[in-house]
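Fold and geometry: a report
Residue-level listing of the chains:
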Amino acid sequence: MGAAVLVGQISIGIEEIVIVSLGLSAISFIGLLMAVFIGVGLVSKEMDKRTIYALLSKPVRRWEFLLGKFVGLVFTLAVNTVAMSAGLFLALLYVKHTLERSDAAVFVAIYFILLKLAIVVALALLFSCSTTSLLSILYCAGFYIAGSFVQEMRTLRSDLAGPVAAAIMRWLSYLLPNFENFNVTGLAAHGTKIPTALILQNTLYAALYCAVVLAAAAAIFSRRNFK
Amino acid sequence: MTGPAIEIDNLTKEYPYGFLNLKKKTSLEGLTMQVETGEVFGFLGPNGAGKSTTIKLLMNLIFPTRGHARLLGKPTSDVQMHRDIGYLPEQPYFYDYLTAAEVLDYFAKFFDLAPADRKARVQNMLKKVGLETAGKIQLRKYSKGMLQRVGLAQAILHDPQLVILDEPMSGLDPVGRREVRDIILELKNAGKTILFSTHILPDAEMLCDRVGVIVGGKLQGIGAPGEIVGIKAQEMEILFALPSLGQNSSPLLDKATRTGDRYHLQVPEQDLYAALDQLRNAGAKILSVAQVKPSLEEYFMHLVAADRAQAAAVEVTGK
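Just so we're clear, the structure is a prediction, and the values are computed from it rather than from any experiment.

**As for the sheet that holds strand E13 (residues 262–268) of chain B**
All names here are of chain B. If you trace the four strands from one edge of the open sheet to the other, you get E12-E13-E11-E14, paired in antiparallel fashion. Two strands close off the open sheet at either side, each with one partner strand: strand E12 (257–259) and strand E14 (285–292). Going across the sheet, the axis of each strand differs from the next one's by a mean of 25 degrees, ignoring polarity. With seven bridges connecting them, strand E11 (residues 235–241) and E14 associate as antiparallel partners.

**Some thoughts on helix H9 (residues 272–281) of chain B**
Residue and element names in this part refer to chain B. Taken together, the buried positions of H9 are Leu272, Ala275, Leu276 and Leu279. Along the long axis of H9, the arc covered by the buried residues comes to 100 degrees, so they all point the same way. The exposed residues of H9 that point more than 90 degrees off its buried face are Tyr273 and Asn281. Packed against the buried residues of H9 are E11, helix H8 (251–255), E13 and E14. With its phi angle positive at about 90 degrees, glycine 283 sits one or two positions after the end of H9.

**A look at the pairing of E13(B)**
The side chains of a regular strand alternate, residue by residue, between the two faces of the sheet. Residue and element names in this part refer to chain B. Side chains of E13 alternate between two faces, with Tyr263, Leu265 and Val267 buried and Arg262, His264, Gln266 and Pro268 left unburied. Sheet topology places E12 next to E13; three bridges connect them, and they run antiparallel. Directly across from threonine 259, in E13, lies its bridge partner arginine 262.

**Structural notes on helix H4 (residues 144–156) of chain B**
Turn by turn, an α-helix covers 3.6 residues, leaving residues three or four places apart pointing in a common direction. With 13 residues, H4(B) extends 19 Å from end C-alpha to end C-alpha; this agrees with the ideal 18 Å at 1.5 Å per step. With eleven of 13 residues buried, H4(B) is to be regarded as a mostly interior element. Taken together, the buried positions of H4(B) are B:Gly145, B:Leu147, B:Gln148, B:Arg149, B:Val150, B:Gly151, B:Leu152, B:Ala153, B:Gln154, B:Ala155 and B:Ile156. On its buried face, H4(B) sits against helix H3 (51–56) of chain A together with strand E6 (85–88), helix H2 (100–108), helix H3 (115–128), strand E7 (162–166) and helix H5 (174–189) of chain B.

**So, the interface of chain A and chain B**
With 20 residues of chain A in contact, the opposing surface of chain B contributes 26 residues. Counting the surface lost from both chain A and chain B, the interface buries some 2,100 Å², and carbon and sulfur atoms represent 61% of this. On the surface where chain A and chain B come into contact, there are one salt bridge. Here B:Asp96 and A:Lys49 are joined by a salt bridge, their closest N and O atoms 3.5 Å apart. Put simply, chain A and chain B have 14 residue pairs in polar contact (both at pLDDT 80 or more) between them. Top contributing element to the side of chain A that touches chain B by residue count: H3(A), with five residues.

**What about the side chain of B:Glu39?**
All names here are of chain B. Inspection of the secondary structure assignment puts glutamate 39 in the loop between strand E2 (23–35) and strand E3 (40–44). Note on glutamate 39: relative accessible area 9%, which makes it buried. Engagement of the side chain of glutamate 39 in a polar contact is seen with the backbone nitrogen of glutamate 36, the distance being 2.8 Å. Excluding residues that lie within four positions of it along the chain, glutamate 39 makes contacts with Gln34, Lys192, Thr193, Ile194, Asp209 and Arg210.

**Focus: the pattern of salt bridges**
All names here are of chain B. Tallied over the entire structure, the rule returns 18 salt bridges over all chains. The salt bridge partner of arginine 83 is aspartate 112, with a shortest N-O separation of 3.5 Å. Separated by 29 residues along the polypeptide, arginine 83 in the loop between strand E5 (74–75) and E6 and aspartate 112 in the loop between H2 and H3 bring together distant segments of the chain. The exposure class assigned to arginine 83 is partly exposed, which follows from its relative accessible area of 29%. Overall, aspartate 112 belongs to the exposed group, its relative accessible area being 60%. Put simply, arginine 121 and aspartate 117 hold a salt bridge, and the shortest N to O gap is 3.5 Å. Highlighted residues: arginine 121 and aspartate 117, both in helix H3, separated by four residues, approximately one helical turn. Take arginine 121: its relative accessible area is 23%, and that puts it in the partly exposed class. Salt bridges here are not isolated pairs; linked through shared partners, they connect Asp105, Lys109 and Arg118.

Rules and cut-offs
Residues numbered from 1 in each chain as written. Chains lettered and ligands numbered in written order. Predicted model: local features only at pLDDT ≥ 70, side-chain atom pairs only at ≥ 80, totals over all residues. Heavy atoms only, no water. Pairing = 2+ DSSP bridges. Helix = DSSP H or I, 4+ residues; strand = E, 2+ residues; numbered from the N terminus. Axes fitted to C-alpha atoms, helices over the stretch in contact; angles between N-to-C directions. Buried < 20%, exposed > 50% of the residue type's maximum accessible area, 1.4 Å probe, protein only. Arc of directions from axis to C-beta. Contact = heavy atoms within 4.5 Å. Expected span 1.5 Å × (residues − 1). Buried area = accessible area lost by both parts, 1.4 Å probe. Salt bridge = Lys/Arg side-chain N within 4 Å of Asp/Glu carboxyl O. Polar contact = N/O pair within 3.5 Å; in protein donor to acceptor, adjacent residues only side chain to side chain.

Next comes the structure, spelled out in structure tokens:
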């Protein structure tokens, strides 16, 4: 957040925009690193170190174990996001000396980042239930990058990529998480009100996507042999 | 609970391997056995025999290729049944940065115990496994033996009816082994059913009502330790002295083993009287005659040797 203030000070007239943009990007990036690396390690470490043996011998179902890991990490990310957001608002206060009604958009942007991170955690759990840690990290990174270009995939012109590739891309774009919808940094930086419909839509989308991914993870995990 | 505590029916576990998982390695083949309520059952076998595979199948950590098992009358997939089961994994490992007391408290929370009860049980368990002074040290600083004790404590913390211990003596010094033996006997006296795997045969002989010997994924024998070794032909041991050394002759004397001024000779039970006559005629003074009790170890080694011979034959003939 110090960097946001510093860069903001040398950006004459657009300090607020720079602070909000940099601040939200930092929250998103650090949250993303935590979600991927901790998320992948949550299950794989339990299996590698065999701590899971004693745990699953207790009256706990495998899907409950997985759901507990998900909720625990999302809560951890929420605490981290709140702490970083406090820094962002302090930086805004330092520059503006007051907070305005339009700053509410920053809250919404932070909420969207948290929803996005929840999806990433669910994906990290899914991959770590079925493959190695390294591949899980690579898959998560791939899904995140691809999910950030969903609109481009949907509008890929068939005369450029060929009709088959364009169709595949379009189908893939509906399977991949649409992270573009969660990116409202530009709107928040300019203090533009974020529509309530988008908040509801993103909340529902993230909940459904997490539920489907976690159900798939639980199905794989429930059939896994712990050799 | 009146029926068997553990019922295993044709339990088989195969692991696919190789290109496209087309080959299969059989870790356990058609295991059928029962463990009665209230008995201490020893599951014996060399490394890789299928002991841990069986236990993991019972604990639903791996899934059978064929067959099924029931614990306390319920299928292994019934998670709620785990309320009455304690399990010590082989070479247990827990969260490094927690203390023994914290790990036990964490596991106790799965059993809906009141906080005061939980605290009392944790303290009691730490005392029982000899860790009361080490309870506040992080587990990353624990030795293998100390982790084994924590593992045992978490297995019996909730006072289960059935206790399944995978190599409970592993990593323990003689004092630790003695303490574990005492805990197993204490559990038996409290009416619990105990199944434990081991390859430390004297422990099994000392503790078990019955043992099952598994070699190469197949159950080779099951029964009371004394009964199971009785399968081998009985031999008799004659202890004798030779007062007039140098003037005696008998083919049996050449077969005897000398220890100090005494001689030991083992003969088949049916040849005992003939051997005694021969020795007396040769001037020997008979000191004692005793039945040689084959040890569980001898029986075990006999089975392992037979399995290895069979495996070698398969390798040579390809069948």
